[in-house]
Amino acid sequence: MSGQRITRERFADATVAVVVGAITVLAAVADDRAGPVDWALISAGSLALAAHRSAPRTVLAITTACLLADVVHAGPASSLALPVVGAAHTAARTGHRGTAAAAAGVFLAGYVSVGSATSDVVREALLLAGWFLCAVVTGLADRNWQAYLRQTEQRALEAERTREEAALRRAGEERLRIARELHDSLTHSISIVKLQAGVAVHLARKRGEDVPPALLAIQEASGEAMRELRATLEVLRTDEPTGTPALLVERARAAGLAVDLTVTGDERPLAATVDRAMYRIVQEALTNVARHAGPAKVSVQLTYEEGDLTILVEDDGTADPSRPPTAGIGLTGMRERVTALGGTLEAAPRAEGGFAVRARLPLGEAG
């Protein structure tokens, strides 16, 4: 939050507090019941509203005490409830609805007892009870609305981030496909040209003949083409993940996530596609835990079997089996990787709470 925004909010809060205090004082003057003590109590209780963002419960306590003291000093008047209603609303909006209801009950009880429970006072108290009820309800509604707006904004940012990640992933996969195609086609053809040119040069020199300049140019050009092609393939492969699941776990721990890594079975080198898929699955699972699970403990288990690798990432976070999550781009990309390798993926909330991602990848020969 910028300093300019904070300044604007403080100015608005102070303005509202002054306006509420002025209205309450003017109402007391109009009833011909205000003296210096009343003005002081009303002003103190109203101006405290300016600090409702930083200390809502303290403001509610001060406002209720000051205005209730004025009720005791000068007698009940419905206008004196205005600052208390405002404080109850702000307290409920920040999640302290019980405190707001308790303050309202204390004020109404004092209001009725000071007025000797006459019919007019009871009627006014019932009207004020409606005011307080509306204040608490609107405070809760405002709190829920603000939470909804924050969630909507977060979802929009998450959607934008996942779109960017998906685009980068697709671009990386396309670069790798191009690299493989270039390697399989051009490299083979250029190698044949270079080999044949080299053999022709060798035979010519062996027979003591002059080597044609065109043949030397072909030999040199083919060698240069091979070097440039290798450099191009290296550039195209720069998006390959570098690191291991152990490194991902260490990074997650450094970011404050409680993660344990367990490796069972005969750990061995994996085919490049399987190794890349394992890295991406663990990376995406830990990223999802950090974003959605809240404070949670995470376990990462890698199980090497004879022909399969099982990846299991579990957390004890806030996921609920009764509300399965909608598969986002991250989970969709994870499933696509696993399916492309002929494996299986299960990603769902656990019965005991939290979330689990289980992937089984067939092991190919290390490449």
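Fair warning: this is a prediction, and the values are worked out from it, not measured in the lab.

Let us now look at the overall build of the protein chain. When its secondary structure is counted, the protein chain shows 10 helices and 5 strands. Burial statistics for the protein chain: of 367 residues in total, 35% are counted as buried. Taking all contacts inside the protein chain whose residues are at least 6 apart in sequence as the whole, residues at least 24 apart take part in 70%.

Moving on, we come to the sheet that holds strand β5 (residues 355–362). Reading across the sheet, the 5 strands line up as β1-β2-β3-β5-β4 and stay open at both edges, with mixed pairing between neighbours. Bordering the open sheet on either side are β1 (258–265) and β4 (344–349), each of which pairs with just one other strand. Sheet twist, expressed as the mean angle between neighbouring strand axes with direction ignored, is 10 degrees. Packed onto the sheet, helix α8 (residues 245–254) meets β1 and β2 (297–304) and runs at close to 165 degrees relative to β1. In this fold helix α9 (residues 272–292) packs onto β1, β2, β3 (308–315) and β5, with an angle of close to 175 degrees to the strand it touches most, β5.

Another aspect to go through is the nonpolar core. In a soluble, globular protein the nonpolar side chains are often hidden away together inside. Counting 34 residues, the largest nonpolar core has Leu60, Leu67, Ala100, Phe107, Tyr111, Leu128 and Phe132 as the members making the most contacts within it. Secondary-structure elements contributing two or more residues to this core are α1 (3–30), α3 (56–74), α4 (81–93), α5 (97–114) and α6 (119–206). The dominant element in this core, judged by the number of residues it contributes, is α4, at 7 residues. The residues touching Phe107, leaving out its near neighbours within four places in the chain, are Thr64, Leu67, Leu68, Val71, Leu80, Ala81, Val84, Leu128 and Phe132. Core analysis: the second largest hydrophobic core is formed by 32 residues, Leu270, Val298, Leu361 and Leu363 among them.

Our next topic: the packing of aromatic side chains. Under the definition given, this model contains 3 aromatic pairs. With centroids separated by 6.1 Å and ring planes inclined at 35 degrees, the aromatic side chains of Phe107 and Tyr111 adopt a geometry described as tilted. A residue pair is termed a helical-turn pair when its members lie 3 or 4 positions apart in one helix, as Phe107 and Tyr111 do in helix α5 at 4 residues. Overall, Phe107 belongs to the buried group, its relative accessible area being 0%.

A grouping of Val19, Ile23 and Leu82 is seen on the molecular surface, where their side chains present a nonpolar patch of about 230 Å² in accessible area. Residue placement: Ile23 occurs in helix α1.

Cut-offs used in this document
- Residues numbered from 1 in each chain as written.
- Predicted model: local features only at pLDDT ≥ 70, side-chain atom pairs only at ≥ 80, totals over all residues.
- Heavy atoms only, no water.
- Helix = DSSP H or I, 4+ residues; strand = E, 2+ residues; numbered from the N terminus.
- Buried < 20%, exposed > 50% of the residue type's maximum accessible area, 1.4 Å probe, protein only.
- Contact = heavy atoms within 4.5 Å.
- Pairing = 2+ DSSP bridges.
- Axes fitted to C-alpha atoms, helices over the stretch in contact; angles between N-to-C directions.
- Core = buried A, V, L, I, M, F, W, Y, C linked by side-chain atoms within 4.5 Å.
- Phe/Tyr/Trp six-rings, centres within 6.5 Å; stacked < 30°, edge-to-face > 60°.
- Patch = residues over 30% accessible without salt bridge, like charges linked within 9 Å, V, L, I, M, F, W, Y side chains within 5 Å.
- Areas by Shrake-Rupley, 256 points an atom, 1.4 Å probe, with all protein chains shown as cover.
- Salt bridge = Lys/Arg side-chain N within 4 Å of Asp/Glu carboxyl O.

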